[in-house]
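Fold and geometry: a report
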Amino acid sequence: NIAEFNLYVCEKYDLNPVLLLAIQRQESRFNSSAVSSAGAEGLCQITRLTAKILCESKGIQYYNGMLMDYRKNTDLSATYINYLKTEFNSLEEILIGYNAGPKWAYRFKNIGIDKMPQETRQYVKSVLGFYSDFNEHLAFYIPININER
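Please read these numbers as outputs of a predicted model, since none were measured by experiment. Per-chain numbering applies: the sequence of each chain, read as written, is numbered from 1 onward. With the structure being a predicted model, the display of local features is reserved for residues of pLDDT at least 70 and the display and counting of side-chain atom pairs for 80 or more, all residues being used for whole-chain, interface and lining totals. With hydrogens and water excluded, all non-hydrogen atoms of the structure serve as input to the side-chain values.

1. Some points on the layout of surface pockets
Cavities and pockets were defined on a 1 Å grid built over protein atoms only: a cavity is a set of grid points that admits a 1.4 Å probe from which the probe cannot escape, a pocket is an open set flanked by protein on both sides within 12 Å along at least five of seven lines, and lining residues are those with an atom within 4 Å of any such point. Grid points are joined across faces, edges and corners, and a volume is the space filled by probe spheres set on the points. Approximately 660 Å³ is the volume found for the largest pocket. Among the secondary structure elements, those contributing two or more residues to the lining of the largest pocket are α2 (17–28), α3 (48–58), α5 (91–100), α6 (102–107) and α7 (118–138). Ten residue types, Ala, Val, Leu, Ile, Met, Phe, Trp, Tyr, Cys and Pro, are classed as nonpolar, four, Asp, Glu, Lys and Arg, as charged, and the remainder, Gly among them, as polar. Among the residues forming the lining of the largest pocket, the class breakdown is 13 nonpolar, ten polar and two charged. Put simply, DSSP H or I for four residues or longer makes a helix, DSSP E for two residues or longer makes a strand, and each gets a number counted from the N terminus.

So, in structure tokens, the structure goes:
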């Protein structure tokens, strides 16, 4: 099931499962067959271009329909979050990178989120809200350290 796979992937990539859950909630409301108006697909809403780049970095073949498999989608998302963790020091910057792309996160790294487009500011605020709520309510059920970095 999705919850068990999330824990597996988070352990594999040393990620906080509450963060992954918060991203999934914001991105798709836990709908593994969601497709956005921008063409992002699946549980973690990954675009095909991002998926192709991530697949190439992992040495695996991208194929049509891949992003609708919650396991592939979640694994690629975790790969991406893990990459963003190596590039940025704060959860806010990681979320900007996930939502708007690393270029935006680099651009606004020293300026602050208040200079970001409204959509990205709202995305970060929403994910952080879910993160806080899930941390409060699920921390007792998740068997790993919930602290970031």
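2. With respect to the confidence of the model for the chain
Averaged over all residues, the pLDDT of the chain is 90; the fraction at 70 or higher stands at 93%. Throughout residues 143–149 the model reports pLDDT below 50, and contacts reaching past four residues in sequence, or to other chains, amount to 17 contacts. Each residue carries a pLDDT score, the predictor's confidence in it, ranging from 0 to 100. Contacts are residue-level and defined by heavy atoms, with any inter-residue pair within 4.5 Å sufficient.

3. Some details on the pattern of salt bridges
Salt-bridge detection follows one rule: a side-chain nitrogen of Lys or Arg within 4 Å of a carboxyl oxygen of Asp or Glu. Applying the stated criterion to the full structure yields four salt bridges. When the shortest N-O distance is used, the salt bridge between D75 and K12 registers 3.1 Å. With a gap of 63 residues between them, D75 in helix α4 (residues 70–87) and K12 in helix α1 (residues 2–13) connect regions that are remote in the sequence. D75 is the partner of K58 in a salt bridge, and the nearest nitrogen-oxygen pair spans 2.8 Å. On the criterion of sequence distance, the pair formed by K58 in helix α3 and D75 in helix α4 is long-range, its members being 17 residues apart. A relative accessible area of 28% means that K58 is categorised as partly exposed. Through salt bridges with shared partners, a single network forms among K12, K58 and D75. Only protein chains enter the accessibility calculation, which uses a 1.4 Å probe; a residue is then buried when its area is under 20% of its type maximum, exposed when over 50%, and partly exposed in between.

4. Some points on the packing of aromatic side chains
One pair of aromatic rings is described through two measures. These are the centre distance and the angle between the planes. Stacked, tilted and edge-to-face are the three classes applied to pairs of Phe, Tyr and Trp rings, where Trp contributes its six-membered ring and a pair requires centres within 6.5 Å; stacked means planes under 30 degrees apart, edge-to-face means over 60, and tilted covers the rest. Overall, the coordinates contain six aromatic pairs when judged by the stated rule. Taking the centre distance of 5.6 Å and the plane angle of 45 degrees together, the rings of F5 and Y8 count as tilted. With F5 and Y8 both in helix α1 and three residues apart, this pair spans about one turn of that helix. Ring geometry for W104 versus F108: centroids 5.1 Å apart, planes at 10 degrees, classification stacked. Pairwise contacts between aromatic rings join F5, Y8 and Y70 into one cluster. Positioned above the aromatic ring of Y70, the side-chain terminus of R71 is 5.2 Å from the ring centre. A positively charged side chain is recorded as over a ring if its NZ (Lys) or CZ (Arg) lies within 6 Å of the ring centre. The angle to the ring normal must also be within 35 degrees.

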